[in-house]
Amino acid sequence: MTTHRITTTLASPDATTDLARALAPALTPGDVLLLEGGVGAGKTHFARSLIQSLQNPPEDVPSPTFTLVQVYDTPAGEVWHTDLYRLGSADDCVELGLTDAFETAICLVEWPDKLEELTPQDALHLTFSDSYQDDRRDLTVTWSAPRWTKLMTGLMS
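Residues numbered from 1 in each chain as written. Predicted model: local features only at pLDDT ≥ 70, side-chain atom pairs only at ≥ 80, totals over all residues. Heavy atoms only, no water.

Overview of the overall build of the protein chain
Part 1: On a plain count of helices and strands, the protein chain comes out with 5 helices and 7 strands.
Part 2: Whereas a compact globule of 157 residues would reach a radius of gyration of roughly 15 Å, the protein chain reaches 15 Å, a difference of no more than 12%.
Part 3: By the burial criterion, 47% of the 157 residues in the protein chain qualify as buried.
Part 4: In the protein chain, 62% of the contacts between residues at least 6 apart in sequence involve partners at least 24 apart. (Helix = DSSP H or I, 4+ residues; strand = E, 2+ residues; numbered from the N terminus. Rg over C-alpha atoms; globule rule 2.2 N^0.38 Å. Buried < 20%, exposed > 50% of the residue type's maximum accessible area, 1.4 Å probe, protein only. Contact = heavy atoms within 4.5 Å.)

What to know about the nonpolar core
Part 1: Counting residues in each nonpolar core, the largest one holds 31 residues, and the members touching the most others are Leu33, Phe46 and Leu50.
Part 2: Sorting the residues of this core by element identifies strand E1 (4-10), helix H1 (13-23), strand E2 (32-36), helix H2 (43-54), strand E5 (106-110), strand E6 (124-130), strand E7 (137-143) and helix H5 (147-155) as the ones contributing at least two each.
Part 3: Take this core: its biggest share by element is 5 residues, from H2.
Part 4: Discounting residues that sit within four places of it in the chain, Phe46 has contacts with Thr16, Leu19, Ala20, Leu23, Leu33, Leu35, Leu126 and Phe128.
Part 5: Core analysis: the second largest hydrophobic core is formed by 17 residues, Val69, Leu87, Phe102 and Ala105 among them. (Core = buried A, V, L, I, M, F, W, Y, C linked by side-chain atoms within 4.5 Å.)

Re the pattern of salt bridges
Part 1: What the rule picks out here adds up to 2 salt bridges.
Part 2: Between Arg147 and Asp31 there is a salt bridge; the shortest N-O distance is 2.5 Å. Of this pair, Arg147 sits in helix H5 while Asp31 sits in the loop between H1 and E2, and the two are 116 residues apart along the sequence.
Part 3: By relative accessible area, Asp31 is classed as buried at 6%. (Salt bridge = Lys/Arg side-chain N within 4 Å of Asp/Glu carboxyl O.)

Observations concerning the side chain of Thr16
Part 1: Mapped onto the elements of the fold, Thr16 is located in helix H1.
Part 2: Excluding anything up to four places from it in sequence, Thr16 contacts Leu10, Gly42, His45, Phe46 and Phe128.

Quick word on the environment of Glu59
Part 1: In this fold, Glu59 is placed in the loop between H2 and strand E3 (69-74).
Part 2: Residues Glu59 and Ser131, spaced 72 residues apart in sequence, show a C-alpha to C-alpha distance of 30 Å.

Some words on H1
Part 1: Every buried residue belonging to H1 is among Thr16, Thr17, Leu19, Ala20 and Leu23, and all of these are buried. Axial view of H1: buried residues confined to an arc of 160°, hence all on one face.
Part 2: Each element contacted by the buried residues of H1 is listed here: E1, E2, H2, E6, E7 and H5. (Arc of directions from axis to C-beta.)

So this is what it looks like as structure tokens:
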């Protein structure tokens, strides 16, 4: 499989929100977004914006840092927002039911390195990094599943 990569700079938190809102309507159950980056890089802001854009009406979307999983019912289907930072192994992901959710829900996974061999091959990887300039964030999006190519090139061009 060919791996595709696009890198861009998100000039502000509003630009991050705009990208999340633009991506959200194209998502369907079975889509997995892996949100990577350090603490404060914009992962949760992106996830919160995406989830709220799918809700009708938008609700509060807390970080799942301590709950590990937050599940939302939306018109687009169930959305799982997970933060795996505190997990010890991939086995913990199975116990959470995350591998089942990969097939039945839209999944947003923060700290996806904890998935190890459970990482879905068709996932969309979004890597956020602080650009050290104001509120800017650098974003690198990678994927190999053909389904993401037209969508991501359209959104990020």
